[in-house]
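Now for the letters of each chain:
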Amino acid sequence: MNFSIGGNIGFDIMDRETSTTNTFNLALKPAYHFNENIAVGIIAENTLVNRIDESQNSIQKDSELTDNFLTLGLFGRYYKPVANRAYLFGELNAGYLFGSRTIDNSSGESVNDVNGYSANLLLGASYFFTPRLSGSLNIGMLGYRSETYSPENGNENTTTYF
């Protein structure tokens, strides 16, 4: 087995007193395995976010925010066998993201171009049910992400997450 295809599908609903956020994520991670321990691959991930904020105290009063991001990147993974068909792994990945953020509020609708990058270190476990089928679980992640929003009015804003 030299090639693998992994990925994930995620859906999250965060309902707060004054806002609701729905997030949908779809990622594809094909990889080439050099040996039992080392794999290198690419990441293609699409993230859609919709947030409705009804708070009168927030910056985005009575607004709807919609994000649509695509992230393309590379990853390297090191597998450490711990039992028959069971492995722990460490993964380092980096990606470039681009897309748009639309804000619709009482002032009208504005569209922002979004560009950024991310770097992550994550730990996980994999179990190979057969030589060609496995399941993985991410145990923890340390990450950095920077996003620059370029609105139509030209006032760029950069947000950084760690």
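Right above here is the structure, for reference.
A brief look at the structure comes next. (Residues numbered from 1 in each chain as written. Predicted model: local features only at pLDDT ≥ 70, side-chain atom pairs only at ≥ 80, totals over all residues. Heavy atoms only, no water.)

Let's talk about the packing of aromatic side chains
Summed over all chains, the structure comprises nine aromatic pairs. Judged by centre distance (5.4 Å) and plane angle (80°), the rings of Tyr 87 and Phe 128 are edge-to-face. Here Tyr 87, found in strand 5 (residues 86-105), pairs with Phe 128, found in strand 6 (residues 108-130); they are 41 residues apart in sequence, far enough to count as distant. Taking the relative accessible area as the measure of exposure, Tyr 87 reaches 12% and is therefore buried. The class of Phe 128 is buried, set by a relative accessible area of 14%. When the centroid spacing of 6.1 Å and the interplanar angle of 35° are considered together, the rings of Tyr 117 and Tyr 144 count as tilted. With Tyr 117 in strand 6 and Tyr 144 in strand 7 (residues 133-150), this residue pair connects regions lying 27 residues apart in the sequence. Aromatic rings pair up to connect Tyr 79, Tyr 87, Phe 89 and Phe 128 into one cluster. The ring of Phe 75 has Lys 29 lying over it, and the distance from NZ or CZ to the ring centre is 4.7 Å. Above the face of the Phe 89 ring, Arg 77 is positioned so that its terminal group lies 3.8 Å from the ring centre. (Phe/Tyr/Trp six-rings, centres within 6.5 Å; stacked < 30°, edge-to-face > 60°. Helix = DSSP H or I, 4+ residues; strand = E, 2+ residues; numbered from the N terminus. Buried < 20%, exposed > 50% of the residue type's maximum accessible area, 1.4 Å probe, protein only. Lys NZ or Arg CZ within 6 Å of the ring centre and 35° of its normal.)

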